[in-house]
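Summary of structural features
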Amino acid sequence: MGWKAAEKLIRHWKILRGDNVMIIRGKDKGETGLIKRVIRSQNRVIVEGKNLVKKHIKQGEGHTGGIFSIEAPLHVSNVQVVDPVTGKTCKVGYKYLEDGTKVRFARGMNASGAVIPRPEILKERRKPRPTSPGPKDTPIEHVLEKTYDEKAGLGMPDL
């Protein structure tokens, strides 16, 4: 789909990947689901199993063609986070607890004020960190090599 970039990007996102949200506008209005992906460059989110559209895919090497149902992005203003206590939609606010941790909480007219937990899916990385050194990584013996010593004059520039 050819979405153009949003003219006014949201600076401080309060909706995160893995949040339980309710769709408040569109053909799936009133349905809830988990956020699968956040597209910050377009101010859009993809909700699991919602806003399905038909996509025609041409047959090519290694895959068959056909008509498939895929999840289309929704604008972030068309979804709202669900309050974990009441099950109704609410706005998201931030506050600091007594121990100094910053948490999200449910705020608004029919909100309980309960803390909205950080989704578990955010704790795992999408791309795992490499465990073995690559061809462009500096060897450990070069990293630990001492190249400057003020007393011995090692590594001093000639002025």
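Along each chain, residue indices are assigned from 1 in the same order as the chain's sequence is written. The predicted origin of the model limits local features to residues at a pLDDT of at least 70 and limits the giving and counting of side-chain atom pairs to 80 or more, whereas totals for whole chains, interfaces and linings rest on all residues. As a rule here, side-chain values cover all heavy atoms of the structure and leave hydrogens and water aside.

Examining the packing of aromatic side chains
Stacked, tilted and edge-to-face are the three classes applied to pairs of Phe, Tyr and Trp rings, where Trp contributes its six-membered ring and a pair requires centres within 6.5 Å; stacked means planes under 30 degrees apart, edge-to-face means over 60, and tilted covers the rest. Scanning all chains against the criterion turns up zero aromatic pairs. Lysine and arginine charges are scored as sitting over a ring when NZ or CZ, respectively, is within 6 Å of the ring centre and within 35 degrees of the ring normal. A cation over a ring is seen here: Lys-102 above Tyr-94, with NZ or CZ 5.0 Å from the ring centre.

Structural notes on the sheet that holds strand β3 (residues 44-47)
A pair of strands is labelled paired if DSSP reports no fewer than 2 bridges between them. Helix and strand definitions follow DSSP, with helices as H or I runs of at least four residues and strands as E runs of at least two, each counted in order from the N terminus. Overall, antiparallel pairing links the eight strands, which are arranged β6-β3-β2-β1-β7-β8-β9-β10 in an open sheet. Where the open sheet ends on each side, the last strands, each with one partner, are β6 (74-75) and β10 (115-116). Pairing geometry for strand β9 (residues 102-107) and β10, over two bridges, is antiparallel. Within β10, the residue paired with Arg-104 across the bridge is Ile-116.

Focus on the pattern of salt bridges
Oppositely charged side chains are able to pair whenever their charged atoms sit close together. A side-chain nitrogen of Lys or Arg and a carboxyl oxygen of Asp or Glu constitute a salt bridge if their distance falls within 4 Å. Taken as a whole and judged by the stated rule, the model has four salt bridges. Put simply, Asp-19 and Arg-104 hold a salt bridge, and the shortest N to O gap is 2.8 Å. With Asp-19 in the segment before β1 (20-23) and Arg-104 in strand β9, the pair connects residues that are 85 residues apart, well separated along the chain. For the pair shown, Asp-19 and Arg-104 are each scored as buried. In this structure, Lys-36 engages Glu-71 in a salt bridge whose closest nitrogen and oxygen atoms are separated by 2.8 Å. Of this pair, Lys-36 sits in strand β2 (residues 32-39) while Glu-71 sits in strand β5 (residues 66-71), placing them 35 residues apart in sequence. Partly exposed residues are those whose accessible area sits between 20% and 50% of the maximum for their type, while under 20% is buried and over 50% is exposed, using a 1.4 Å probe and protein chains only.

Let's talk about the nonpolar core
What we call a nonpolar core is a set of buried Ala, Val, Leu, Ile, Met, Phe, Trp, Tyr and Cys residues that are connected through their side-chain atoms within 4.5 Å. Formed by 15 residues in total, the largest nonpolar core has its most connected members in Ile-15, Val-21, Val-45, Val-47, Val-79, Val-81 and Ile-116. Only β1, β3, β7 (79-82) and β8 (89-96) provide two or more residues apiece to this core. Here a residue-residue contact requires only that any non-hydrogen atoms of the pair lie within 4.5 Å. Contacts of Val-47, omitting those with residues within four sequence positions, involve Val-21, Gly-33, Leu-34, Ile-35, Lys-36, Glu-71, Leu-74 and Val-79.

Details of the side chain of Asp-28
Tracing the sequence through the fold places Asp-28 in the loop between β1 and β2. The buried charged residue Asp-28 lacks any salt bridge, with Lys-27 as its nearest oppositely charged partner at 5.6 Å. Discounting residues that sit within four places of it in the chain, Asp-28 has contacts with Ile-23, Lys-50, Asn-51 and Leu-52. Two residue types count as positive, namely Lys and Arg, and two as negative, namely Asp and Glu; His and chain ends fall outside the count.

Some words on unusual backbone geometry
The phi dihedral of Asn-43 is positive, around 55°, even though this residue is not glycine. Position of Asn-43 among the secondary structure elements: in the loop between β2 and β3. Judged by its relative accessible area of 4%, Asn-43 falls in the buried class. With a phi angle near 55°, Asn-51 is a residue other than glycine that sits in the positive phi range. With respect to the helices and strands, the residue Asn-51 is situated in the loop between β3 and β4 (52-57).

Points about the UniProt feature "domain: KOW" (unreviewed entry) in the protein chain
Cross-referencing UniProt, the feature "domain: KOW" (unreviewed entry) maps to residues 14-41 in the present numbering. The span residues 14-41 is 0% helix and 43% strand, and its two end C-alpha atoms sit 15 Å from each other. UniProt positions are given in the numbering used here, feature names are shortened, and annotations may be inferred rather than shown by experiment.

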